[in-house]
Amino acid sequence: MSGFMGHEPDGKPGQPKTVKEWVFTLDHKVIGVWYLIGAIASFVVAGLAASAMRLELGSVGPDITDNGDIYNLWLTMHGAVMILGFQIPALLGFVANWAVPIMVGGKDMAFPRVNAMSVWLLWSGILLALMNLVIPDSYNGMWTGYPPYSLTDAVGNTALYSSVVVILGMSSVFGAVNLACTVAFMRCKGMGWFQMPLTVWCVFTANVIQLIFVPVLAASVLLLSLDKYLGFGFYNPEVGGDVLLYQNLFWFYSHPAVYVILLPFMGILFEIFAVSARNDVFNYKATVWSVIAFIPVSSDVWVHHAYVAGLPDWLRLLQTFTTLLISLPFGLLMLSLTGTMYRGAIRYTGPMYWAVGAFFMLIIGALTGIPNALSAIDYGISDSYVIMSHFHYVMAVSGGMAIFAGVFFWFPKLTGRMCNTFMTKLTAVGFFIGMNIVMGPLYFAGMEGMPRRYMDYQMFADNATIVSAQHWSTIGLYITFVSALLMIVVWLHGAIAGEKCTNANPWGSESLEFTATAIIPGQGNFPTPVICPEGWHPYNFIDNPKPEFEPHPGHTGGHH
């Protein structure tokens, strides 16, 4: 069995043979690969923008540019592309498309053509965002797009920003509807709601959150363009508008978006931890309810982004409580992840190295997030490097490492080949050490008062803590950059010349994508519709009944 991706219309594994087949495919797995390619390309672009900023901040004074507009462009591209082009498409595009339909025993997504439209909307949005690097009036208002700056000529092309957000939002909404219908209506016979893998539950919940909140973001950025180009004045105080209205609308979506990213990547960690430890997910049903709890609880935490915006004290107190409240379901998930490894026969595979790194990054980010939720503390650290380091730990770095862990985990099913184990582990260790050196010292710089988003820190030139933190952070960049570059090389080498898989289930998973498909699943995923027998569970590693298949039409018996 060879090839890259199942696509044959006759159901046999194989790869698309022509460009037309790749471009016009309706196979959810090929579409998942398109999401993955777009996400990795976005990671490269956003990573280069971050590297340019870090090099500029390596020492006091201009290092590679003295142009603030160029620095703002790097800042904008890093934030917007990393979140909207890399993390969300990788998790709600690649994982949701490639893995979820097979994990629930479906032959495809519920609406294959809508699925194809979603991915090409994503690519349109990415290409439109990249236009920002070449157009003369490039947009530099960061991914937040805060007015009043975004309503001025100095910010550049606000319409481009609004268009990119709306197009990517449409892609997300179409994908969310499709995924929700797939999980709800296309599960195989015998699979109940509480027999779904945690990855499926996490992706499903994240898509429900997307459906609720994305329209708010799309409307808020459209109003920006109406204000700037047609003079509507929703956010312009001079004509009766309010800039804080935008800030509230933006974070009403953008803080739940943290959980849109957090939940799927925690789902990946659950999958890898359970398989590597050969343990049932600790307290599975309570974990599922904790995941679902993010839907209502995440809807009332956005105001902590505006503690310093002149709110009444009673509202700050209330929002401190609601922000802390989300620690409960999150804490239960972390407890469940820890319990899943407890007394397990843990095998430290390449994907497990990446997953463990993501887990410890998440712990650091989560513990530093609790004090940030308190309005009294936030007053002293708002918009400082403390906040920046916190969300990079809790979302960007841990999320990125979990995504990479997932790619390594499903790599054998994607390519039919294995990545080099030693190099996989080496890149995980290098990335973990590098990012801790990048982000760890910046906590101390923030506590010394270093504001985020500044392109220079002449005013802190005499502060040894800040200068030293910036210096060490830049050294960490070099380690991270080399590790990330090597990781991509490991993927390319694995796909082209890696050891061929001889086992469809190299990690010993009990989930259907490993136990009921060929080494590379073909179109339709399963030879005939799959059935989960009574007692089957994706995390039962002891005496789990084998999946069964419905007989071929015209045949009397099933087969494996």
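On a predicted model such as this, the values are computed, not experimentally measured, just so you know. (Residues numbered from 1 in each chain as written. Predicted model: local features only at pLDDT ≥ 70, side-chain atom pairs only at ≥ 80, totals over all residues. Heavy atoms only, no water.)

Some points on the packing of helix 2 (residues 28-56) against helix 15 (residues 464-497)
When two helices pack together, their arrangement is captured by the angle between the axes and the distance separating the axes. Direction vectors running N to C along helix 2 and helix 15 enclose 160°, while the axes themselves pass 10 Å from each other. Taken together, the axes of helix 2 and helix 15 are roughly antiparallel relative to one another. Considering the relative orientation of helix 2 and helix 15, their crossing is left-handed. Contacts from Ile40, Phe43, Val44, Leu48, Ser51, Arg54 and Leu55 of helix 2 reach helix 15 at Gln470, Ser473, Thr474, Leu477, Tyr478, Phe481, Ala484, Met487, Ile488 and Trp491. (Axes fitted to C-alpha atoms, helices over the stretch in contact; angles between N-to-C directions. Helix = DSSP H or I, 4+ residues; strand = E, 2+ residues; numbered from the N terminus. Parallel < 35°, antiparallel > 145°, perpendicular 65-115°, else oblique. Left-handed = near helix turned anticlockwise from the far one by under 90°. Contact = heavy atoms within 4.5 Å.)

Section: the UniProt feature "domain: Cytochrome oxidase subunit I profile" (unreviewed entry) in the protein
The sites that carry the UniProt feature "domain: Cytochrome oxidase subunit I profile" (unreviewed entry) are, in the present numbering, residues 22-532. The straight-line gap between the two end C-alpha atoms of residues 22-532 is 32 Å; of that span, 68% is helix and 1% is strand. (UniProt positions renumbered as here; feature names shortened; annotations may be inferred.)

Here's the deal with the environment of tryptophan 143
Tracing the chain through its elements places tryptophan 143 in the loop between helix 4 (112-130) and helix 5 (158-185). Residues tryptophan 143 and tyrosine 161, 18 residues apart in the sequence, show an inter-C-alpha distance of 8.3 Å. The residues touching tryptophan 143, leaving out its near neighbours within four places in the chain, are Thr76, Gly79, Ala80, Ile83, Tyr161, Phe250, Trp251 and Ser254.

Regarding the side chain of threonine 199
As for its position among the elements, threonine 199 is in helix 6 (residues 198-230). Using a relative accessible area of 0% as the deciding quantity, one classes threonine 199 as buried. Separated by 2.9 Å, the side chain of threonine 199 and the backbone oxygen of glycine 267 make a polar contact. For threonine 199, the residues in contact, after removing those within four places along its chain, are Val95, Met103, Gly267, Ile268, Glu271, Trp410 and Tyr539. (Buried < 20%, exposed > 50% of the residue type's maximum accessible area, 1.4 Å probe, protein only. Polar contact = N/O pair within 3.5 Å; in protein donor to acceptor, adjacent residues only side chain to side chain.)

Things to note about the packing of aromatic side chains
Per the stated rule, a full pass over the model turns up 40 aromatic pairs. Residues phenylalanine 194 and tryptophan 289 carry aromatic rings whose centres are separated by 6.1 Å and whose planes lie at 50° to one another, so their mutual orientation is tilted. Of this pair, phenylalanine 194 sits in the loop between helix 5 and helix 6 while tryptophan 289 sits in helix 8 (residues 284-297), placing them 95 residues apart in sequence. The partly exposed category is assigned to phenylalanine 194, whose relative accessible area is 28%. The interplanar angle of 75° and the centroid separation of 5.7 Å between the aromatic rings of phenylalanine 359 and phenylalanine 360 together place this pair among those described as edge-to-face. According to the relative accessible area criterion, phenylalanine 359 is buried, its value standing at 6%. Judged by relative accessible area, which is 42%, phenylalanine 360 ranks as partly exposed. (Phe/Tyr/Trp six-rings, centres within 6.5 Å; stacked < 30°, edge-to-face > 60°.)

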